[in-house]
Every structure is written in structure tokens, then in C-alpha cells.
Amino acid sequence: MKNILGANDDLAALNRKMFADSGVVVMNLMGSPGSGKTTLLEQTLTRLADKIRIAVIEGDLFTAKDAERIERAGVDVIQINTAGGCHLDAAMIQKACASLDLAAIDLLIVENVGNLVCPAEFDLGETFKAVVLSITEGDDKPLKYPLIFKESAVTLLNKIDLLPFTNFDVKSARNDLTTLHPSIKIFETSCTLGTGLDAWCAWLLERAAV
Ligand code: MG
Ligand code: ZN
């Protein structure tokens, strides 16, 4: 495991230099299957695609279903199929970037494989990580899967419109997130109602402009 992560870190450092040289900000978007990553991405692209130049890398075990959705938003998208692999790694990103014109992009969004565990361990060379935690997953997840929340600059408490139908305690989730990672940014979002999306996109736009 140590050797695998060490080799990955070396490649991630090369990716990070490649992105810096091209002036590309890279967000590694993580979260459980069904947390709403792709829908959030669609909503984000709708709001930002005319403000900055964005490309997307979609990671999934199988199918190009998510890439087809992103393509409809009118941005360049590359699908990576891991054929059963439960996370993306730096080598996959390096290979995918060979078919992207990085000089023509401001923000590259990588949607990782749906998984709260190992995607957090594999550096892709990204500028920052983001994690989507949907209300239906339960407020206990930050303490049960601490690494992904420690590693992420931002957490989106997504599907916030479903709050009345669950026992999810937002205050307790916020406390746990801040205990794990004092500087973490938290947004409450609903892609169904549009809640919080303007604030999230404004934050992302600011990060992408750095
Ligand atoms: Mg998806
Ligand atoms: Zn994995």
C-alpha cells in the first residue's frame, strides 16, 4: 500500500506542475454514489460555463452515462472507466489530460468514483478537494469517514430539501466537520430547489480565478 501511494504521489506531483504551468485550477469532486455529484456538476456548469472555461473528467466504474449528461451542458468531457476500480489515481488523470487542451481551460473538474474511502487517499495533483455529503446518508458520516472531510477544502451538504423527511442533524454534522477540519467551508445545497447554488458557484469562481 505504501509503495502504491508513494508511486501515485510522484505522478500527482507531475500533474500538479503540469496544471500550474498551464494555469489550470483543478477540483477533485468526491462523495458517495447517489450523493448528487453529477447533478451538482450540471447545475454548476449551467451557472459558470459562460464565465470561465471549464472541462470535466468523469470517473466511473462502468458506462459513459455521466459524461453524456455533462456533454449536454456544452463543456468538454472525458470519461474514465476504471472497470471495477473504486477510485481514480494520478496516472489515469495524466492519461486523460493528454486529450485535453489545458491552455484553453481555467477550471478542470474531476468527478471521482462514488466512494467515501480511498479517493481521499489518492492525490491526483488537484488544487483542492471537495466532498458532497447528502442528507440521506446520515449526519454520522464525517466522524465515520474522517479522512475525506479532513482532506477537502469544502463540504456540500446536498439534498438539503430532504431535511424534513430525515433525522439528519445539521448542527451536529457542522460541529463534527469543523472539529475534524476547522477551516472547512460548508454549503447547504439543493439541486432540486436551487438552494445555495449561487453561493457555492461564487465561491468556486473565486477559487478558479486564483
Ligand atoms: Mg456521477
Ligand atoms: Zn479505491
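Just above, that's the structure.
Cut-offs and rules
- Residues numbered from 1 in each chain as written.
- Chains lettered and ligands numbered in written order.
- Predicted model: local features only at pLDDT ≥ 70, side-chain atom pairs only at ≥ 80, totals over all residues.
- Heavy atoms only, no water.
- Core = buried A, V, L, I, M, F, W, Y, C linked by side-chain atoms within 4.5 Å.
- Buried < 20%, exposed > 50% of the residue type's maximum accessible area, 1.4 Å probe, protein only.
- Helix = DSSP H or I, 4+ residues; strand = E, 2+ residues; numbered from the N terminus.
- Contact = heavy atoms within 4.5 Å.
- Donors = N, O, S within 2.8 Å, 3.2 Å for Na, K, Ca; no water.

J.: I'd love a proper account of the nonpolar core, names of residues and values included.
T.: Core analysis: the largest hydrophobic core is formed by 29 residues, its most contacted members being Val56, Leu107, Ile109, Trp200 and Leu204. If you list the elements that add at least two residues to this core, you get strand S1 (25-31), helix H2 (37-48), strand S2 (54-60), helix H3 (65-72), strand S4 (107-111), strand S5 (128-134), strand S6 (154-158) and helix H8 (197-208). The greatest single-element share of this core, amounting to six residues, is contributed by H8. Other than its neighbours up to four places away in sequence, Ile109 contacts Met27, Leu29, Leu41, Ile54, Ala55, Val56 and Ile57. Cys97, Leu102, Ile105 and Val113 belong to the second-largest nonpolar core, a separate cluster that totals 18 residues.

J.: Could you give me a rundown of the coordination of the magnesium ion (ligand 1), with the residues and numbers involved?
T.: Distances from the magnesium ion (ligand 1) to its protein donors, namely Thr38 (OG1), Asp66 (OD) and Glu111 (OE), fall within the range 2.0 to 2.1 Å. All donors of the magnesium ion (ligand 1) come from a single chain, and their spacing in sequence reads T-x27-D-x44-E. A residue pair is termed long-range when its members are at least 10 positions apart, and Asp66 in helix H3 and Glu111 in strand S4 qualify at 45 residues. The exposure class of Asp66 is buried, given its relative accessible area of 13%.

Honestly, it's all geometry; don't read function into it.
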